[in-house]
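Residue-level structural notes
Letter by letter, the chains look like this.
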Amino acid sequence: MVPEVPGRRPGLFVIDLDDTMIGMVTLDRRDAERPGHVRPDAGEAELGYMLLPEAWGRGYAAEACAAALDWFPDALPGEPVVLCTRTANDRAMRLATKLGFTEVERFEEYGAEQWFGVWRPLTPSR
Ligand SMILES: CC(C)(COP(=O)(O)OP(=O)(O)OC[C@H]1O[C@@H](n2cnc3c(N)ncnc32)[C@H](O)[C@@H]1OP(=O)(O)O)[C@@H](O)C(=O)NCCC(=O)NCCS
């Protein structure tokens, strides 16, 4: 979905394998109305990831997300990144942990238990 104000989306990446798009990594602003926040003013950068099922299980999502998180602190210094996934989504949960996200809270949304975590850049903002 294209946001109303394109400039406000922190990042959108296509995962390319041998000139074919196999997935996307997104960084959107988390809606203040939704549960799960680490900043009082909400609007955190939220990481999203999705790969074509035939590309799962080869570490491509992990590689792409790590690259996006590597890029992020220079683009938006000092900002945390949040992530929300259903706890039942084993693959997404394993990936979140591998990327260094830590649990903030769990809550019910869309009729399922959600895991909400945060990742903070190593270099603190000045
Ligand atoms: C979530 C999603 C991106 C995870 O994809 P994934 O391929 O499992 O994730 P990774 O890139 O971390 O790959 C991990 C797997 O690759 C394997 N792997 C194989 N070769 C590898 C390598 N060279 N390096 C790293 N991992 C490798 C790992 O062992 C692991 O396998 P396992 O899951 O059997 O333990 C994918 O399942 C997806 O697109 N789901 C639908 C969308 C979705 O649910 N998004 C999240 C909503 S918040």
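Residues numbered from 1 in each chain as written. Predicted model: local features only at pLDDT ≥ 70, side-chain atom pairs only at ≥ 80, totals over all residues. Heavy atoms only, no water.

Turning our attention to the sheet that holds strand E2 (residues 20–29). If you walk across this open sheet you meet the 6 strands as E1-E2-E3-E4-E6-E5, and the pairing is mixed. Looking at the sheet topology across the chains shown, the edges are occupied by strand E1 (11–17) and strand E5 (102–109). Each strand axis lies, on average, 25° off the axis of its neighbour in the sheet, ignoring direction. Of the pairings in the sheet, the one linking strand E4 (residues 81–86) to strand E6 (residues 112–119) comprises 6 bridges and is antiparallel in character. Looking at the pairing, threonine 85 lines up with tryptophan 115 of E6. Together, E1, E2, strand E3 (45–51), E4 and E6 form the strand contacts of helix H1 (residues 60–75), whose direction differs from that of E2 by roughly 40°. Helix H2 (residues 90–99) rests against E3, E4, E5 and E6 of the sheet, and its axis sits at about 130° to E3. (Pairing = 2+ DSSP bridges. Helix = DSSP H or I, 4+ residues; strand = E, 2+ residues; numbered from the N terminus. Axes fitted to C-alpha atoms, helices over the stretch in contact; angles between N-to-C directions. Contact = heavy atoms within 4.5 Å.)

With 16 residues, H1 extends 23 Å from end C-alpha to end C-alpha; this agrees with the ideal 22 Å at 1.5 Å per step. Taken together, the buried positions of H1 are occupied by Ala61, Ala62, Ala64, Cys65, Ala68, Leu69 and Phe72. Within H1, the buried residues cover an arc of 160° as seen down the axis, which keeps them to one side. Across from the buried face of H1, at angles greater than 90 degrees, the exposed residues are Glu63, Asp70 and Asp74. Next to the buried residues of H1 lie E1, E2, E3, E4, H2 and E6. (Expected span 1.5 Å × (residues − 1). Buried < 20%, exposed > 50% of the residue type's maximum accessible area, 1.4 Å probe, protein only. Arc of directions from axis to C-beta.)

Time to look at the packing of aromatic side chains. Within the structure shown, the criterion is met by 2 aromatic pairs. Seen from their ring centres, phenylalanine 13 and tryptophan 71 are 5.1 Å apart, and the 80° between their planes marks the pair as edge-to-face. Linking phenylalanine 13 in strand E1 with tryptophan 71 in helix H1, this pair joins segments that are 58 residues apart in sequence. When the centroid spacing of 6.3 Å and the interplanar angle of 45° are considered together, the rings of phenylalanine 107 and phenylalanine 116 count as tilted. Take phenylalanine 107: its relative accessible area is 11%, and that puts it in the buried class. (Phe/Tyr/Trp six-rings, centres within 6.5 Å; stacked < 30°, edge-to-face > 60°.)

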